[in-house]
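Structural characterization, general
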Amino acid sequence: MSVGQQGVLTNERVANLHVLRDAVEARRELACGLIERRGVSWVSVVRVGGSGRLVEVGCDFVREAWWFTWSDGRPIARDVDGVIGALVRELE
């Protein structure tokens, strides 16, 4: 992968995470923030009024498509609605 391609992939990753952040912020029961750690962006999500447990969601290019992933790299879903459903279940 060339340096130029890496920049495009990084920008698409961040753009996808911004879309996820906006979708999470639209939910009353969830709160989140977009963070960057060691050059990698994540969306950190908690349940409002919940235990305070934090879940981090990334976005990686897997199997020739962008996937939202858990912090350990396991794919969650390709679409935001699928991720929101998984987050609500995970943070119950």
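Predicted, not measured: the structure shown is a model, and the values here were computed from it.

1. What about the side chain of Ser44?
- Mapping Ser44 onto the fold places it in strand β2 (residues 40–47).
- The class of Ser44 is buried, set by a relative accessible area of 10%.
- Only 3.5 Å separates the side chain of Ser44 from the side chain of Glu56, close enough to count as a polar contact.
- Setting aside residues up to four positions removed in sequence, Ser44 forms contacts with Ala31, Cys32, Gly33, Ile35, Leu54, Val55 and Glu56.

2. Some remarks on the confidence of the model for the protein
- When pLDDT is averaged along the protein, the result is 89, and 89% of the positions lie at 70 or above.
- Ranking the elements of the protein by mean pLDDT puts helix α1 (residues 3–25) last with 79 and helix α2 (residues 80–90) first with 97.
- Contacts of residues 1–6 to residues separated by more than four positions or lying in other chains number 2 contacts, the stretch itself having pLDDT below 50.

Parameters at a glance
Residues numbered from 1 in each chain as written. Predicted model: local features only at pLDDT ≥ 70, side-chain atom pairs only at ≥ 80, totals over all residues. Heavy atoms only, no water. Helix = DSSP H or I, 4+ residues; strand = E, 2+ residues; numbered from the N terminus. Buried < 20%, exposed > 50% of the residue type's maximum accessible area, 1.4 Å probe, protein only. Polar contact = N/O pair within 3.5 Å; in protein donor to acceptor, adjacent residues only side chain to side chain. Contact = heavy atoms within 4.5 Å. pLDDT = per-residue confidence, 0-100.

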